[in-house]
2 protein chains.
Amino acid sequence: MTFMGSSAREVIDSAINQGRFILTEFETKELCKSFGLPVVEGCIAKSENDAVQIANKIGYPVVLKVASPDIVHKSDAGGVMLGLSQDDEVKDAYRKIIDKAHKYKSDADIWGVLVQKMAKPHGKEVIVGATNNKQFGKAVMFGLGGIFVEALKDVAFRIVPSDKETATEMIKEIKGFDILRGIRGEPASDIDAIATIIEKVSQLVTEFPEIDELDLNPIFVYEQGAIIADARATLAAEKPEERFRYSSEEIVSQMTRVFRPKAVAVVGASPKPGKIGYAVVKNLLDGGYQGKIYPIHPKADEVLGLKVYPTISEVPDQVDVGVVCIPAKFVPNLIQELGQAKVAGAILIPSGFAEIGNHELQRQVVEAGRKHRVRLMGPNIYGYYYTPEKLCATFCTPYTLKGKVALSSQSGGIGMSIIGYSRSKNMGVAAIVGLGNKCDIDEDDLIEFFAMDSNTEVIAMHVEDLKDGQAFMEAAKKCSKPIIVLKAGRTELGERAAASHTGALAGTDAIYDAAFKQCGVIRAKTLYELLDWSRALQMLPTPKGENVVIITGAGGSGVLLADACADHGLKLMAIPADLDKAFKEHIPPFGASGNPIDITGGEPPETYYNTIKLGLTDSRVHALILGYWHTLITPPMAFAEVVAKVVDETKKEGIVKPIVCSLVGDVEVEMASLYLEEKGILAYPYTMDAPVSALAAKYQWARYAGKITK
Amino acid sequence: MTFMGSSAREVIDSAINQGRFILTEFETKELCKSFGLPVVEGCIAKSENDAVQIANKIGYPVVLKVASPDIVHKSDAGGVMLGLSQDDEVKDAYRKIIDKAHKYKSDADIWGVLVQKMAKPHGKEVIVGATNNKQFGKAVMFGLGGIFVEALKDVAFRIVPSDKETATEMIKEIKGFDILRGIRGEPASDIDAIATIIEKVSQLVTEFPEIDELDLNPIFVYEQGAIIADARATLAAEKPEERFRYSSEEIVSQMTRVFRPKAVAVVGASPKPGKIGYAVVKNLLDGGYQGKIYPIHPKADEVLGLKVYPTISEVPDQVDVGVVCIPAKFVPNLIQELGQAKVAGAILIPSGFAEIGNHELQRQVVEAGRKHRVRLMGPNIYGYYYTPEKLCATFCTPYTLKGKVALSSQSGGIGMSIIGYSRSKNMGVAAIVGLGNKCDIDEDDLIEFFAMDSNTEVIAMHVEDLKDGQAFMEAAKKCSKPIIVLKAGRTELGERAAASHTGALAGTDAIYDAAFKQCGVIRAKTLYELLDWSRALQMLPTPKGENVVIITGAGGSGVLLADACADHGLKLMAIPADLDKAFKEHIPPFGASGNPIDITGGEPPETYYNTIKLGLTDSRVHALILGYWHTLITPPMAFAEVVAKVVDETKKEGIVKPIVCSLVGDVEVEMASLYLEEKGILAYPYTMDAPVSALAAKYQWARYAGKITK
């Protein structure tokens, strides 16, 4: 008779010493028990009599299960017998289980039979698990148990550590939460007990990094309490690689030199138009960069009127950034030279590294960079822009319109679209950065810098994968500015065949989703959203509360705007009676007060003016959505001017609220939208979804950042 | 002892005669039984002994339930006792139930106690129901039963009649279908038995229009068979209003005169610029309408050089359409005059009807129209356009660019956006129609006409509500052209508090969704989708199979395009080995074959040419998505020209496949996109989602229309 009582460390070490990476149910439960997790009482019996003795000790009814490290799927082996309520039945079950186990696997190492108390009836089945993600490390999972978790995949993940508050959030997040909350007169399940289990699982897998996957399934939850009826864990065969990291201070000081350099060297500068080394020098000059520019070339004398130096070591100045335009194979040696010259960052434009399979060359570059503390951007990139310094270190065309959003992209194509879209929409930017192969400088480095950069108010990133998800989360959590991420490869399949349910459900994207949620990242689903929200978030002031009001001249727009609000999680204010009365005074009797407020199509600009002013000045209203309809009595520009006027007037009174406009009508609404945007008011022709989605993105951040008064 | 056996008609009539609109469980089961639906065996006992006798007849274990038309919630009244297996228990239960029922409601009419066989264990609970929708009539519902249906709202609807094939489709549509299909070694449930129940419920509610709502909940489904354990029905207090309908032939002949009039009268034509009656005449002239135009005005002599007639009766010609520009109150009399002059359609521009609460005036207009067989468009509209006749019967500006899409809108604002967007995007249209209050001419009238109109290939509609959903479905089912609908008010709450689960789950939108699915309507979620798909569906040829191939110069675009394919339900072809080899011959060794095919960014136009040509000419490939990346070696216009060239060449060989292009890069990609669109190739700058969503819309139609070879 083996009673539980081993420490978690003992259980894990003993399995590893035996070369086993799958823990038995008994072992996993010991792990759990040592962490104070509630497991069904039970012991391993070595004989029939032993089994009867245990059954009498823990009390009938009992369950018997084969205990063998070689039999993972106990039911398949006929190794589980439920609901035994007498000594005879237990004896008989013991014999049968041992018998079947030998037949199932003749060489199985059979420890005996686990005798367990039957879980009380009437509990709800849930599952709690943990998995190990390449990017983010350990994550915990919660879902409804039984076949529902598999059929409906209705689960929630969080990266560890996950405290009780987060655990409660997870439980409430699943679609089937009502089942636990109790509906149709059923009693509520003990949410607190589940949250405690999730929290302890988070602690367990954090404290024991060897645990790769853990499934507590099923857990029975009752009105009071919860109990783990079955459990399984796998251990990792290898230790995860230690990640190289610069300290936060180091990153900020390095990145500050990279983005605000006093001197830039262009290594591989060329006097020949058409060459990348020529384009970079030309763009630096054309962009209006005010620092020193040092072209480096072994033979040339002059590039675009600038004196050329044969090597970086001969430059008579402290260079901060080296823009590298030489073939890939020369890069490792160059990094060493740059390091000796105390250059802070190397911008690696050339391709020919990991992206074509040349991993070894890239490894050499990374090694050189780390050794000499030279930060590496790229390789395989178009370069980067930082408008406050008029810095266009790129072979693309210059872009210098100042704005408050810093954008980055992992892909060159997406990066060029950022430039094209910004130019086309007249969107100001603080920075556009190409990350390419991302051999060193990563999203978290950029976030560290932009978080403290007074020129940046919004961060927007196209991400294909995060090299170090934990570092990303740390940086994002510290950052008090909105971060929008377009994570490409959303729909890729999970990266490995998983041994556990938790693992099988942990598609990479579910983990990214959880991580972004935990660090307040606003997730864009399409490039359009990334770009449009970049524009919108820097234009929109932060809302102070959830009360959104729609004012529209077109009933048809009102309905679609309300649809969009529901789609994007915005809350239409229930208009208080006095405010309703005040609105009614401005609109025709057949107009509709309520929300949307339909001022009807026949109204002059004054009606827009009066109703918008009322919405802006009433302190209970927190954001306005305006639906304009092109009419003869209020032409598009008249509407635009009225909106600009009322916004300006109220601003002078110190009132600043987010406003988005949707304009329907003939092509003149495009001009009116442009006019509004020039005045700093977000406006869209022919769409109700885009303005609402943009406002909702701002709300998402405001909620996370605690800006919303409840 | 009351045994079942009454006919459905008897059950319903008897309840109605007693003034009852909620049928008891016993009655509902009789209804079901008379239709051959499998219900748990049982009878109403009038005494303790009666109960024992029934129990012995049907066999233990049994359930006892109070039978009273006054006790709807039997459990609340303590009126249900389960799992009784002996005579004594049955007697005791009978007494207790009757006792509690009297206490629960002292004046309740208690018929006795329903004695039923306990359902076999191990079944899965499902629910089948029916509801009655204002627009579409009867609809059937299927979902997983128990608390899951309420917590997860995982249900499927179909408008009746719903045959067995449709029923099977419904069962497979729910997210939890795996639970019925059998997972983790569980046996599959009897899908056929459920489908049969759904089909019979569809027949039952069709044959008995009095049934308003029906809940069969729970139904237990087994490996073999299914049985209805509880049931409830409500009857409608009123008969639904008979809808007025023109015949299909009449509609087509009326609409043909409306859209291709030989003579148009403008009633209320005005010689004064700024008046609507002036604008309409001017637009008819400016648009280039070639038929006769007759301005009608009691006093004026001439409008824009045209002779004016004092009344329609004095026009010396058969007028087909009267465009009405007079105040609302004069409209009823005018319709009579138009009717006497055998005018086919009146275009009612004025407002002042139902939209401002003036329902009586609108009713008079409708009555006059029906009496005189004058079809009415509007009122409260901007008018309509039909480009093949150069007809701009509107007070908005003319729009005459011919195309193959006919668009309609219920809202004037949305209608004007259709005009603005079309003009801005250079989108040709066949028609733009304002439906406004929709007092007569409806979407189904338009579909009847456009379905047979040789100038129309795509139909696109903004809909706020359908007045006659059944007529819409009939017209849409007959129509062999794609129909796109933007249904506004998606997120409104169900219109009434429902007595049944089925009713509570049948939010109006779920019913619309089911109806659209059943008649092959492509549902746009946003105005942008409606407009963009209108453009796309007329440009894209119909795909012949599901094999989609992505060819991209930017890996980053490829990932986002693949994401979009997964989002929108497109299937990336698994490239056969020989085709893979053929692609590989055209791309660099470090490029990625597979799908997406990444030709890499450093390639010249020839590589695009070769790979696109291969994709177009290989008969196993059915559609291409091209992801272009702006590079020096292949600038945007070079790409655009290559695509146009290869499409043109293969077209000459008789190869026509849908192609969509996504262009990333600097602003020049906008010009290249415009060039491609001029060549009839759908192209989008800065987005991967829009081109894929457009292609997916075409696929959605092609699948419904049976154009896809499996």
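Residues numbered from 1 in each chain as written. Chains lettered and ligands numbered in written order. Predicted model: local features only at pLDDT ≥ 70, side-chain atom pairs only at ≥ 80, totals over all residues.

Q: Would you mind going over the overall build of chain A with me for this structure?
A: Looking only at helices and strands, chain A has 24 helices and 30 strands in total. Dimensions of chain A along its principal axes, counting C-alpha atoms only, are 95 × 80 × 35 Å. Here chain A, with 710 residues, has 55% of them falling under the buried criterion. Within chain A, residue pairs in contact and separated by at least 24 positions form 72% of the contacts whose partners lie at least 6 positions apart. (Helix = DSSP H or I, 4+ residues; strand = E, 2+ residues; numbered from the N terminus. Buried ≥ 20, exposed ≤ 12 C-beta atoms within 10 Å, placed from the backbone. Contact = placed C-beta atoms within 7 Å.)

Q: How do you make sense of the relation of the copies chain B and chain A when you look at a structure like this?
A: Turning one copy of the chain about an axis and sliding it along that axis gives the other copy, so a rotation and a shift relate them. Of the transformation superimposing chain B on chain A, the axial component is 0.1 Å and the angular component is 180°, with the fit at an RMSD of 0.1 Å. Taken together, the turn and the small shift mark the pair as related by a two-fold rotation axis. Both copies share a contact surface, since 100% of the interface residues of chain B are interface residues in chain A too. (Least-squares fit on C-alpha atoms with pLDDT ≥ 70 in both.)

Q: What is the right way to read the environment of Lys710(B) from this model?
A: Here Lys710(B) shows up in the segment after helix H24 (689-704). Separated by 166 residues in the primary sequence, Lys710(B) and Lys544(B) place their C-alpha atoms 9.0 Å from one another.

Q: Is there a simple way to think about the sheet that holds strand S16 (residues 321-324) of chain A in this case?
A: Sheets are built from strands paired through backbone hydrogen bonds, the pairs being either parallel or antiparallel. Residues and elements named next belong to chain A. Reading across from one edge, S13-S12-S16-S17-S18 is the order of the 5 strands in this open sheet, with parallel pairing throughout. Either end of the sheet is taken by a strand with one partner, and the two such strands are strand S13 (292-296) and strand S18 (375-377). Across the sheet, the mean angle from the axis of one strand to that of its neighbour is 20°, orientation sign disregarded. Alignment of strand S12 (residues 263-267) against S13, held across 5 bridges, turns out to be parallel. Residue pairing in the sheet places Val267 in a bridge with Ile296 of S13. Helix-sheet contacts for helix H9 (residues 248-259) involve S16, strand S17 (345-348) and S18, and the interaxial angle to S17 is about 60°. (Pairing = 2+ DSSP bridges. Axes fitted to C-alpha atoms, helices over the stretch in contact; angles between N-to-C directions.)

Q: Can you walk me through the confidence of the model for chain A in this structure?
A: Any segment with low pLDDT has predicted coordinates that should not be analysed in fine detail. All names here are of chain A. The pLDDT averaged across chain A works out to 93; a share of 96% of its residues lies at or above 70. Scored below 50 in pLDDT, residues 493-498 shows 9 contacts in the model against residues more than four places distant or in partner chains. For this predicted complex, the interface score ipTM comes out at 0.92, alongside a pTM of 0.93. (pLDDT = per-residue confidence, 0-100.)

Q: Could you clarify how one ought to interpret helix H21 (residues 605-617) of chain A in this entry?
A: Side chains that are three or four residues apart share a direction in an α-helix, a result of its 3.6 residues per turn. All names here are of chain A. Compared with the 18 Å implied by 1.5 Å per residue over 13 residues, the 18 Å span of H21 between its first and last C-alpha is a close match. Every buried residue belonging to H21 is among Thr607, Tyr608, Thr611, Ile612, Gly615 and Leu616, and all of these are buried. What you see down the axis of H21 is that its buried residues fit within an arc of 155°, all on one side. Against strand S26 (548-552), helix H20 (577-584), strand S27 (597-598), strand S28 (623-629) and helix H22 (636-652) lie the buried residues of H21. (Expected span 1.5 Å × (residues − 1). Arc of directions from axis to C-beta.)

Q: Any chance you could explain the interface of chain B and chain A here in plain terms?
A: One frequently used descriptor of interface size is the decrease in accessible area upon assembly of the parts. Between chain B and chain A, the contact holds 60 residues from the first and 60 residues from the second. Those elements giving two or more residues to the side of chain B that touches chain A turn out to be helix H5 (146-152), helix H7 (177-181), helix H13 (412-425), helix H18 (527-539), helix H19 (555-568) and helix H23 (668-678) of chain B. Grouping the amino acids of the side of chain B that touches chain A by side-chain chemistry returns 28 nonpolar, 20 polar and 12 charged. (Nonpolar A, V, L, I, M, F, W, Y, C, P; charged D, E, K, R; others polar.)

Q: Would you explain the pairing of strand S5 (residues 112-117) of chain A in this entry?
A: Strand residues, when the strand is regular, have side chains that alternate between the two faces of the sheet. Residues and elements named next belong to chain A. Taken across its 6 residues, S5 has 5 buried, putting it largely inside the fold. Relative to S5, strand S2 (residues 42-45) runs antiparallel, the two being bridged by 4 bridges. Residue pairing in the sheet places Cys43 in a bridge with Val115 of S5. As judged from the 6 bridges shared by strand S3 (residues 62-67) and S5, these two strands associate in the antiparallel manner. Each bridged residue has a counterpart across the sheet, and for Val66 the counterpart in S5 is Val113.

Q: Just to check I follow, could you spell out the sheet that holds strand S22 (residues 429-434) of chain B for this structure?
A: All names here are of chain B. Pairing is mixed in the open sheet, where 7 strands are placed in the order S20-S19-S22-S21-S23-S24-S25. The open sheet has two edge strands with one neighbour each: strand S20 (391-394) and strand S25 (522-524). Neighbour to neighbour, the strand axes of the sheet diverge by 15° on average, direction disregarded. Sheet topology places strand S19 (residues 383-386) next to S20; 4 bridges connect them, and they run antiparallel. What sits directly across from Tyr384, in S20, is Ala393. The sheet contacts of helix H14 (residues 443-452) involve strand S21 (402-409), S22, strand S23 (458-463) and strand S24 (483-487), and relative to S23 the element is tilted by about 175°.

Q: Sorry if this is basic, but what is going on with the packing of helix H21 (residues 605-617) of chain B against helix H22 (residues 636-652) of chain B here?
A: All names here are of chain B. Contact geometry for H21 and H22: axes closest at 9 Å, N-to-C directions at 30°. As the angle between them shows, H21 and H22 are arranged roughly parallel. The chirality of how H21 crosses H22 is right-handed. Residue-level contacts link Pro605, Tyr608, Tyr609, Ile612, Lys613, Leu616 and Thr617 of H21 to Ala638, Phe639, Val642, Val643, Val646 and Thr650 of H22. The class makeup of the residues in the contact of H21 with H22 is 10 nonpolar, 2 polar and 1 charged. (Parallel < 35°, antiparallel > 145°, perpendicular 65-115°, else oblique. Left-handed = near helix turned anticlockwise from the far one by under 90°.)

Q: So what exactly am I meant to see when it comes to helix H13 (residues 412-425) of chain A here?
A: Residues and elements named next belong to chain A. The terminal C-alpha atoms of H13 lie 20 Å apart, and with 14 residues this matches the ideal 20 Å at 1.5 Å per residue to within 8%. Of all 14 residues making up H13, 11 are buried, and the element is well covered by its neighbours. Among all positions in H13, only Gly412, Gly413, Ile414, Gly415, Met416, Ser417, Ile418, Ile419, Gly420, Tyr421 and Ser422 are buried. Just downstream of H13, Asn426 is the residue with a positive phi angle, here 60°.

Q: Would you mind showing me how to read the domain arrangement of chain A here?
A: In terms of domain boundaries, chain A breaks down into domain 1 (8-117), domain 2 (124-235), domain 3 (248-380), domain 4 (401-538) and domain 5 (540-704). Computed over C-alpha atoms only, the centres of domain 1 of chain A and domain 3 of chain A are separated by 64 Å. (Domains from an automatic or database assignment.)

Q: Even after reading the chapter, I still don't get the nonpolar core, so can you show me in this structure?
A: General note: in soluble globular proteins, nonpolar side chains tend to be found buried as a group. Counting 434 residues, the largest nonpolar core has Ile219(A), Cys661(A), Ile219(B) and Cys661(B) as its most contacted members. Not counting the four nearest positions on each side in its chain, Ile219(B) is found in contact with Val126(B), Ile127(B), Val128(B), Gly145(B), Ile197(B), Ala226(B), Ile227(B), Ile228(B) and Ala229(B). (Core = buried A, V, L, I, M, F, W, Y, C linked by C-beta atoms within 7 Å.)

Q: I would appreciate a short explanation of the environment of Pro261(A) in the present structure.
A: Residue and element names in this part refer to chain A. Examined against the element boundaries, Pro261 turns out to sit in the loop between H9 and S12. The buried category is assigned to Pro261, around which 26 C-beta atoms lie within 10 Å. The spacing of Pro261 and Leu391 is 130 residues in sequence and 8.9 Å in space, taken between C-alpha atoms. What Pro261 contacts, discounting residues up to four positions off in sequence, is Gly291, Asp320 and Val321.

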